[in-house]
Amino acid sequence: MKESATIMIGSKPTLITHSTTPLRFLIMDAPRPNNLHLYIKECKRHNVTDVVRVCEPTYLNTDLINAGIQLHEMPYPDGHSPPDEILNRWLDLVNDRFFANPNPSLVNNATIAVHCVAGLGRAPVLVAIALIEFATMDPVDAVVLIRKHRRGAINEKQLNWLESYQRRYKSGGGGGCCIVM
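Attention in this report is confined to the structure presented alongside it. Owing to the predicted nature of the structure, the values given are computational and were not obtained by experimental measurement.

## Observations regarding the nonpolar core
Core analysis: the biggest nonpolar cluster contains 41 residues, and Trp90 and Leu131 have the highest contact counts within it. Ranked by the residues each element gives to this core, the list is headed by helix α4 (residues 122-134), at 10 residues. Apart from the residues within four sequence positions on either side, Leu131 is in contact with Ile16, His18, Leu23, Thr136, Met137, Ala142, Leu145 and Ile146.

So, in structure tokens, the structure goes:
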């Protein structure tokens, strides 16, 4: 008699949204070849257009491409803050998807999925940065919002780095550089 193993998603993907912006992010742990189809199903449910992988590859991109989802490789070491090159690519992607070139067929519903190994460190840090940059959230408020939906996200070292993070992105989004009086 053959045993049938149940294939599951590691931890439930977490949708993070901001009420006054079109920002929508799905934070996930890293899919594996044997459960990637479940992650793709979850991505489709949330209108994911792009997946950002910030860890080492654990699956091939073929199934994502076949599902119409673009994979962006933005790896950086676990336990570290994202380097400038990764930050710039991330912020450009967020700006392009939600502000500069939004997909008209997904208006107010497009989502960027982002994952690291466990979905608790690198991926939530990038989402926090997007909230700081494009929703002009205070860093602590961004972390509180993420932790409200994804318990255990963002460790103390990452929180300290985010607290000292200075907004830097000059294009699109909710912030801008002007004050209307």
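Now that the structure is up, let's keep going.
## Section: helix α5 (residues 139-149)
Pro139, Ala142, Val143, Leu145 and Ile146 are the residues of α5 that are buried. Burial along α5 is one-sided: seen end-on, the buried residues are contained in an arc of 160°. Away from its buried face, by an angle of more than 90 degrees, α5 presents the exposed residues Val144 and Lys148. The N-capping residue of α5, defined by a side-chain oxygen 3.0 Å from the backbone nitrogen of Val140, is Asp138.

## Overview of the sheet that holds strand β4 (residues 70-73)
Strand order across the open sheet formed by 5 strands is β1-β2-β5-β3-β4, with mixed pairing between neighbours. Each end of this open sheet is capped by a strand with a single partner; those strands are β1 (14-17) and β4. Averaged over all pairs of adjacent strands, the angle between their axes in this sheet comes to 25°, without regard to strand direction. In this fold helix α1 (residues 36-45) packs onto β2 (24-28), β3 (48-53) and β5 (111-115), with an angle of close to 160° to the strand it touches most, β2. Each of β2, β3, β4 and β5 touches helix α3 (residues 84-100); the most contacted strand, β5, lies at about 155° to it.

## Focus on the pattern of salt bridges
Scanning the entire structure with this criterion turns up 6 salt bridges. Arg97 is the partner of Asp50 in a salt bridge, and the nearest nitrogen-oxygen pair spans 2.6 Å. Pair noted here: Asp50 is in strand β3 and Arg97 is in helix α3, with a separation of 47 residues, a long-range link. In this structure Asp50 comes out as buried when scored by relative accessible area, which is 0%. In this structure, the salt-bridge partner of Arg53 is Glu73, at a minimum N-O distance of 2.3 Å. You can see Arg53 sitting in strand β3 and its partner Glu73 sitting in strand β4, a full 20 residues away along the chain.

## With respect to the packing of α5 against helix α6 (residues 156-163)
Direction vectors running N to C along α5 and α6 enclose 140°, while the axes themselves pass 8 Å from each other. Comparing the axis directions of α5 and α6 gives the class oblique. The way α5 lies across α6 gives a crossing that is right-handed. Packed against α5, whose contacting residues are Pro139, Val140, Val143 and Arg147, the element α6 presents Leu159, Leu162 and Glu163 at the interface.

## Quick look at the pairing of β2
With 5 of 5 residues buried, β2 is to be regarded as a mostly interior element. Here β2 shows a buried face lined by Arg24, Leu26 and Met28 and a second buried face lined by Phe25 and Ile27. Across 4 bridges, β1 lies against β2 in antiparallel orientation. The partner of Thr14 across the bridge, within β2, is Ile27. The turn joining β1 and β2, which pair antiparallel and follow one another in sequence, is formed by 6 residues. Where β2 and β5 come together, 4 bridges link them in parallel fashion. Opposite Met28, over in β5, you have His115 as the bridge partner.

Criteria and cut-off values
Residues numbered from 1 in each chain as written. Predicted model: local features only at pLDDT ≥ 70, side-chain atom pairs only at ≥ 80, totals over all residues. Heavy atoms only, no water. Core = buried A, V, L, I, M, F, W, Y, C linked by side-chain atoms within 4.5 Å. Buried < 20%, exposed > 50% of the residue type's maximum accessible area, 1.4 Å probe, protein only. Helix = DSSP H or I, 4+ residues; strand = E, 2+ residues; numbered from the N terminus. Contact = heavy atoms within 4.5 Å. Arc of directions from axis to C-beta. Polar contact = N/O pair within 3.5 Å; in protein donor to acceptor, adjacent residues only side chain to side chain. Pairing = 2+ DSSP bridges. Axes fitted to C-alpha atoms, helices over the stretch in contact; angles between N-to-C directions. Salt bridge = Lys/Arg side-chain N within 4 Å of Asp/Glu carboxyl O. Parallel < 35°, antiparallel > 145°, perpendicular 65-115°, else oblique. Left-handed = near helix turned anticlockwise from the far one by under 90°.

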